[in-house]
Each structure stands twice: as structure tokens, then as C-alpha cells.
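Letter by letter, the chains look like this.
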Amino acid sequence: MAGLIIKDIQKSFGKTKVLHGINMEISDGEFIVIVGPSGCGKSTLLRMIAGLENVTSGEILIDNLNVNNKEPMDRNIAMVFQNYALYPHMSVFKNMAYGLKIAGIPKLEISERVQEAAKMLELGELLERKPRELSGGQRQRVAMGRAIVRKPAVFLFDEPLSNLDAKLRIQMRLEIKSLQQRLGTTSLFVTHDQVEAMTLADRMVVMNEGVAEQIGSPLDVFQKPETIFSAQFIGSPAMNLIKGVTDGQSIKLENGVLLKCVTNFSGEVLAGLRPEDLLPDKKGEIIIQIDMAEPIGASTILHGTLKNSDIKIVSMVQGLVDQKDMQKEMSFSISPEVIHLFNRESGKRIN
Amino acid sequence: MKYYDYPKLFVLALPVAIFFVTFFIVPMVQLAIVGASGDSGVSSYFTIVNTPRHFESMLATLLLSIAVTFTALVISTTAGLFLVRNIFPGKEIVLSILTFPLAFPGVVIGFLIIMLAGRQGLIGLVTKALLGEKTVFAYSMLGLFFGYLYFSIPRVILTIMAAAEKLDKSLEEAAKSLGAPPFRIVIDIIIPALKPGLIASGAICFATSMGAFGTAFTLATNIDVLPMTIYTEFTLNANIAGAASLSIVLGLVTWIALFISRSLSGQTIAVSG
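The structure presented is a predicted model; accordingly, all values stated were derived computationally and were not measured.

It is worth spelling out the overall build of chain B at this point. Of the regular secondary structure elements, chain B holds 12 helices and 0 strands. Starting at the N terminus and walking to the C terminus, you meet the elements of chain B as α-α-α-α-α-α-α-α-α-α-α-α. Across its three principal axes, chain B shows a C-alpha extent of roughly 75 × 70 × 30 Å. Considering only contacts in chain B between residues 6 or more positions apart, those separated by 24 or more positions represent 68%. Only carbon and sulfur atoms are counted for the fraction: they give 73% of the accessible area of chain B, which is about 15,400 Å². When the 15 positive and 12 negative side-chain charges of chain B are each reduced to one mean point, those points stand 5 Å apart.

In C-alpha cells form, the structure reads like this:
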């Protein structure tokens, strides 16, 4: 087990720069999730840590040892691939044993370690099967088993759940989380799914266009998004962003509504209002013309337009709102502490 | 596979059935009868074992074909993998030059070997200038080996390239991250993944080398491969029964090789030669 330090990592493919200097310090046993839209460079970063891509500049330290020029085999890492990358001609046992066999570990010990991992992953019955005879979830487990038996310093997961159906994905998510907690191995997990990121991570890295927009605990990122990008990427439905002007204690939205907020900044800003922070309130200042309602069970998502403007706004209210009972106009209030303010030019958080 | 209950559609298979019967079954049966019609009757089928000359010819042909097959597989697999994995200027030209031998009949390939290693060949000229002695191997088994290798390589390269393009790169990356050095990745991951392609193209190589005639005929002085023996028996010795039985045996050996490879690789294999 070991920590992982990433110092100003940059990556270019030819003239295209895909990573613009990523810095990260991961402590021993931490579960880090790198989340971002496709093409943001998150998989490239993971592959660089694995040693499958060259480092253009910067440093990768595993256990305080620079591994920039080390082959994957010398990095003491284990990677779980999106498509599992199981060897079709080998049985489950042989797939899991492969890394140990290469390392020249005695047969008896290989067998013990594979059995142990198989037991942990409930694969005991399947050891003689070929990968094609397994379901998606089972293949996923074999791929993890293959990583676990090596007892590596760092686990690297490259979108391992994205090929599973929704139900299985939730189940495997829980299994990965509990497995990681039991083993205590430093882990890096790449995903585009913000729910996976929120649920799995000790800390998460929100990436966009080769830049780490924010690194922090899921709640930190959710409650105090540092940039407009992480504000909009994390949270569902996405945060509303409305232009406004602050005077040091309140904000005047584009449609003229005045809201109290916490800031000492005066000037043009973007106000971020989370849909679930908009609370139905007969005396509320925010009046929304509702265009559409999406009941999703425990709550209802309301799509509408701010009164006296054409600004689209989304709110989420608890419980079911019957289409019949739905008023054309609803008023909401929001508490000043949960209004996020961002600089319009830099996109950075102000308050 | 599904079987449909449309007996009328057998009409569609009629042309190929007629063709198969007239041009294959009838002459084959005829050949088999002729093979057994000589002085020694049915036992002429054992000529391949009984007559030392025939047996040696069979053995030489088998060894040559096996050597050609393995050499072609080794050369073409490395070259094919390289060509699939690398992009470089002129790649298309290299590819089309590599597949050029496919355009030549055996006679021309024999001719090329003579140009290279014959009595007036390039290798002979160079070795004479350097060592004072002409090296000539065009008219021997070695010449034939190079000739066969020359037209086997493109067939194998094309099959290997098709198979290599479908290789899942993440399998190799997984092996790398699991600590496998390059040679283990080749042995444990790449070769098993290419196995169907290797078997299929190896079988084509083998069958083609077993039956090729044109090249051998062009180079024939010291060469006694089975197709040449059949030709000699038929035209010079007028041993029609012997030629027929040897033909059947040659056909059987090749067919068995194809059958085995087909059941191993589960692919349809086409032979041309």
C-alpha cells in the first residue's frame, strides 16, 4: 500500500495538448474518483499512471518513487479495464492467476491467493469457466479478482461499470466500495457518472478539458463548487445559472428579482441556484411559470421560466405534484447561504 | 444455425450440384478406378509405401510443405503485426508490393528463382566475384523452398493482418499492467488470439505447397516432389494407374490437412494453387 503523488502532469498527442498540468496528492488507502465528460483527459491520466501512456512532462510518484520511466510491470499497480480485458482462451482461474504466474510465485500460493479472492468475490463455483460463459457482472468480478490477487500498491479502475446494466451497476458500485474499504488499497477510479463519483469517492477530481477544475470530498464539491463547470457537472438536475449583479449583501437577478445572499463582492456575477434549494413558498420572491413537470417518484422536477423574462429555470420539489393540481405559476424562496456566486469571466467561485 | 423447411429452394443448389457431380465426382471415381486398374490392382494404392521412389517423393513433399508453412507463418506473423500496428509513409505501397506474388503463376515464380539463384543468377554472379565460386541453388529443394515461401507469405500476411486488426489492445495492456514482459505477451496473449488465423493460413500454405506444380516444373532438375512424380509417371513412364493412385493419395493428404485445420479454427478455408 502506498500513496500517489502527481506533480504538474502534462500530456500532448502530437500538437494537441490533452492534459494541462494536473497536481494531486493521494494518501495511502484513499479512494479517489476522477470524474468528467468524455474527452476531458481522465482516462489518459489513469493510463499514464498505469504506464500505458508516456508522460509528456511532470512527475508521477508511487510510494515516493518516481515511476515516469518505469514499465507497467515495475509500478506495482493493477488496472481494471472498461471491457474487462479477460483472456478468452483462459479459464477464470487462469485469468486470475496470470499475474502471479508471471511473477514466478509458487503454484500452491497462487492457488491459495486465487481461491481467497474468488471467495471474496463469490466466484468460487466459476473458476473452471471461460469468460464467454459468464455474465457481465461475473466478468467484472473476475477482472477485479485478477487485480486483487496481485496485492498491488494502487488499484486503477477505468470506467469499470459502464458496460453493466443500471441495476447491476448499483450493486457492483457497492461491492467495489466495500471491497476497497476491506482491502484498504489506494484506488483511482475513472468515470463519467457523477453518481458513481459521489458515492464511491473519499475525494473526487472534477476534470474538464484537461484541467482539474476541483479536487475535494464529494460533499465539498457539491456544497462549494469552485467553478461553474463543477457546479453544473455535479448534481442532478444541474444547477441553474442566472446572470445578476451584487451590491455586497444582495443580488439582483436579470429579471429584477432581489435576493439576499452571502458575499462582500459588488459587481456582475453568475448566481447558481440548485433546483432542490428552491423551496415552494407562497411568499417567495422567485416566481416561476411552470412549463413541464417530470414526476420521478420521491420528487418532481419542474421545468419553467422566470417571471418577466425568458430565463429557463429548473426546480425540484419533494413528493408528487399532480398535473391537475399544478399551478401555472409557483413562487419559491431560497436561503441566502445556498446561493453560489461565480465570476462571469473566470468562472471561479466568489463567495 | 437454423434449418428452414423450404424443400423447393433446393433448386437453388442445383447448379452447384451438377457442377460438383460432372467435374468432381465423376472424374474422381474414374481416377480411383484407373488407380486400381494397373497390373497390381488395388494394391497400387500402396505404391506410396512400397515404391521407394514414391515414398521418398511423398516424404520430401511433406517436409518441404511443413518447412514452408512454418517459415511463412513466422515471417508473416511478425511482418503482419508490424504492418497493422505501425503507420508510416509508403505503407500502402509496401502492402501492395508484398501481395504482388499473388498475381504470378507458379511458372513465373520459378523463373524469378532462376533469375536469382540460377546458373546465370544474381547470387551466382555476386558469389563468383567475391569467393570465386558460383553459388547455384535454384534447381534444388532449396530453390523450391524459396519459391514456395515467396508465394506463401502474402497469403499468410493478409490473413494475419485481418486477424491482428481485430486484436483487443486492452488484452495486451492488461497483461502489461499484470507484469508480463513483451515475449510473454506474445506467447500468452497474441498467439492464442491469432490462433484461428494462423491455423487457417497455415493450412492454405501447406495445401498449396503440397500441390504446386508450375514452380517445380520450371526448376525441375533435381526436384522430386509429388506433383512432379505424378507428372513423370503419367507422361514419361505411361504408368497411368500409378499416377492416378498417387493423385488420390496427394489429394487425401491435403484434404485431411484442410479438414483438421477447419475443425480447429472453425473457419472456411479456400485454397488456390
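A word on the pattern of salt bridges. All names here are of chain B. Applying the stated rule across the entire model yields 13 salt bridges over all chains. One salt bridge connects Arg184 with Asp188, and the closest N-O pair in it is separated by 3.0 Å. One end of the pair, Arg184, and the other, Asp188, are both in helix 9 (residues 182–211), 4 residues apart, so they sit about a helical turn from each other. For Asp188, a relative accessible area of 11% translates into the label buried.

On to the domain arrangement of chain B. All names here are of chain B. Each assigned domain of chain B is listed with its residue range as follows: domain 1 (1–35) and domain 2 (45–272). Distance between the C-alpha centres of domain 1 and domain 2: 31 Å. Taken residue by residue, the interface counts 5 residues in domain 1 and 7 residues in domain 2. Where domain 1 abuts domain 2, roughly 460 Å² becomes buried across the two surfaces, and 76% of that area is made up of carbon and sulfur atoms. Counting the surface domain 1 buries against domain 2, the share from its top three residues, Leu31, Val34 and Gly35, is 78%. Taken together, domain 1 and domain 2 are joined by 0 salt bridges.

A few words now on the environment of Asp220(A). Residues and elements named next belong to chain A. One can find Asp220 in helix 7 (residues 218–223). Each C-alpha atom, one on Asp220 and one on Arg203, is 9.0 Å from the other, the two residues being 17 residues apart in sequence. Not counting residues up to four positions away in its chain, the partners in contact with Asp220 are Gln214 and Pro225.

Take the packing of helix 2 (residues 92–102) of chain A against helix 4 (residues 136–148) of chain A next. All names here are of chain A. As a packed pair, helix 2 and helix 4 sit with axes 7 Å apart at the nearest point and diverge in direction by 30°. Relative to helix 4, helix 2 is oriented roughly parallel. In terms of crossing hand, the pair formed by helix 2 and helix 4 is right-handed. Within the contact between the two elements, helix 2 uses Val92, Asn95 and Met96 and helix 4 uses Val142, Gly145 and Arg146. The residue inventory of the contact of helix 2 with helix 4, partitioned by class, reads 3 nonpolar, 2 polar and 1 charged.

Moving on: the environment of Thr246(A). Residues and elements named next belong to chain A. Assignment of secondary structure puts Thr246 in strand 11 (residues 240–247). For Thr246, a relative accessible area of 4% corresponds to the buried category. Distance from Thr246 to Asn308, taken between C-alpha atoms, is 20 Å for residues 62 residues apart in sequence. Excluding anything up to four places from it in sequence, Thr246 contacts Ile251, Cys261, Thr263, Phe265, Ser266, Gly267, Val269 and Leu341. At a separation of 2.8 Å, a polar atom in the side chain of Thr246 contacts the main-chain carbonyl oxygen of Phe265.

It is worth spelling out the pairing of strand 16 (residues 286–295) of chain A at this point. Residues and elements named next belong to chain A. Direction of pairing for strand 16 relative to strand 19 (residues 329–333): antiparallel, over a ladder of 4 bridges. Looking across to strand 19, one finds that Ile288 is bridged to Met330. In textbook terms, the turn of a hairpin is the stretch between consecutive antiparallel strands, and for strand 16 and strand 17 (residues 299–306) this stretch comprises 3 residues, one of which, Gly297, has a positive phi near 105°.

Another point: the packing of aromatic side chains. Per the counting criterion, the structure on display carries 17 aromatic pairs over all chains. A centroid spacing of 5.4 Å and a plane angle of 70° characterise the contact between Tyr87(A) and Tyr98(A), whose relative ring orientation is edge-to-face. Of this pair, Tyr87(A) sits in the loop between strand 6 (77–80) and helix 2 while Tyr98(A) sits in helix 2, placing them 11 residues apart in sequence. On the accessibility criterion, Tyr87(A) (0% relative accessible area) is buried. With 5.1 Å between their ring centres and 75° between their planes, Phe217(B) and Tyr231(B) make a pair best called edge-to-face. Taken as a pair, Phe217(B) in helix 10 (residues 214–219) and Tyr231(B) in helix 11 (residues 226–235) lie far apart in primary sequence, 14 residues in all. Judged by relative accessible area, Phe217(B) falls into the partly exposed class, the value being 41%. By way of ring pairs, the aromatic residues Phe31(A), Phe155(A), Phe157(A) and Phe189(A) are connected into one cluster. If you follow Arg146(A) out to its NZ or CZ, it ends over the ring of Tyr87(A), 5.0 Å from the centre. Sitting over the ring of Tyr139(B), Arg119(B) keeps its end group 4.1 Å from the ring centre.

The next subject is the pairing of strand 1 (residues 4–13) of chain A. Residues and elements named next belong to chain A. In this structure, strand 1 lies alongside strand 4 (residues 57–62), joined through 5 bridges in antiparallel fashion. Bridged to Lys7 within strand 4 is Glu59. In this sheet, strand 2 (residues 16–26) lies alongside strand 1 in antiparallel orientation, the contact comprising 8 bridges. Looking at strand 2, one finds that Ile9 is bridged to Ile22. From the end of strand 1 to the start of strand 2, which pair antiparallel, there are 2 residues, and Gly14 there has a positive phi angle of about 65°.

Let us now look at unusual backbone geometry. For the bond from Ser236(A) to Pro237(A), the omega torsion is -5°, close enough to zero to count as cis. One non-glycine residue, Ala238(B), adopts positive backbone phi at about 55°. Tracing the backbone through its elements, the reader meets Ala238(B) in the loop between helix 11 and helix 12 (240–265).

The interface is formed by 20 residues belonging to chain A together with 16 residues belonging to chain B. Interface area lost by chain A to chain B is led by Tyr87(A), Tyr98(A) and Ile102(A), which between them contribute 30%. Taken together, the links from chain A to chain B amount to 1 salt bridge. Arg47(A) is paired through a salt bridge with Glu173(B); the nearest N and O atoms lie 2.5 Å apart. Our count for the chain A to chain B interface comes out at 8 residue pairs in polar contact (both at pLDDT 80 or more). Those elements that provide at least two residues to the side of chain A that touches chain B are strand 6 and helix 2 of chain A. When residues of the side of chain A that touches chain B are assigned to their parent elements, the largest contribution, 4 residues, is made by helix 2 of chain A.

This part is about the sheet that holds strand 16 of chain A. Residues and elements named next belong to chain A. Taken together, the 5 strands give an open sheet; going across it, the order is 15-19-16-17-18, and neighbouring strands pair in antiparallel fashion. In this open sheet, the two edge strands, each paired with only one partner strand, are strand 15 (279–280) and strand 18 (312–318). Sheet topology note: the strand 16/strand 17 ladder contains 7 bridges and is antiparallel. By the bridge assignment, Gln289 is partnered in strand 17 with Thr305.

About the thresholds
- Throughout this description, residue numbers start from 1 for each chain and increase along the sequence as written.
- To read the labels, note that chains go from A and ligands from 1, taken in the order they are written.
- In keeping with the model being predicted, local features are shown solely for residues with a pLDDT of at least 70 and side-chain atom pairs are shown and tallied solely at 80 or more, while totals for entire chains, interfaces and linings include all residues.
- Values shown for side chains rest on all heavy atoms present in the structure; no hydrogens or waters enter the calculation.
- Numbering of helices and strands runs from the N terminus, with a helix taken as a DSSP run of H or I at least four residues long and a strand as a DSSP run of E at least two residues long.
- Whether two residues are in contact is decided by their heavy atoms, any of which lying within 4.5 Å being enough.
- We get accessible surface area from the Shrake-Rupley algorithm with a probe of 1.4 Å; when it comes to residues, only the shown protein chains can shield them.
- The positive count covers Lys and Arg only, the negative count covers Asp and Glu only, and His and the chain ends enter neither.
- In plain terms, the charge of a residue is placed at NZ if it is Lys, CZ if Arg, CG if Asp and CD if Glu.
- Just to be clear on terms, a salt bridge is a Lys or Arg side-chain nitrogen sitting within 4 Å of an Asp or Glu carboxyl oxygen.
- For the exposure calls, accessible area comes from a 1.4 Å probe over protein chains only, and a residue counts as buried if that area is under 20% of its type's maximum, exposed if over 50%, partly exposed in between.
- Domain delimitation in this document rests on an assignment produced automatically or drawn from a domain database.
- Buried area counts how much accessible surface, traced with a 1.4 Å probe, disappears from two parts once they are put together, with both parts' losses summed.
- Every angle, taken between N-to-C directions, lies between 0 and 180 degrees, and every axis is a line fitted to C-alpha atoms, over only the stretch in contact when it is a helix.
- For classification purposes, angles smaller than 35 degrees are called roughly parallel, those larger than 145 roughly antiparallel, those between 65 and 115 roughly perpendicular, and all remaining angles oblique.
- Here is the rule for handedness: rotate from the far helix to the near one, and if that takes an anticlockwise turn smaller than a right angle the crossing is left-handed, while a clockwise turn gives right-handed.
- Each residue gets one label: Ala, Val, Leu, Ile, Met, Phe, Trp, Tyr, Cys and Pro are nonpolar, Asp, Glu, Lys and Arg are charged, and the others, such as Gly, are polar.
- Any pair of N or O atoms that falls within 3.5 Å is considered a polar contact. Within protein, one atom must be able to donate a hydrogen and the other to accept it, and sequence-neighbouring residues count only if both atoms are side-chain atoms.
- For two strands to pair, DSSP has to find at least two bridges joining them.
- Here a Phe, Tyr or Trp ring, Trp counted by its six-membered ring, pairs with any other such ring whose centre lies within 6.5 Å, and the pair is stacked when the planes are under 30 degrees apart, edge-to-face when over 60, and tilted otherwise.
- Distance and angle both matter: a charge sits over a ring if NZ of Lys or CZ of Arg is within 6 Å of the ring centre and within 35 degrees of the ring normal.

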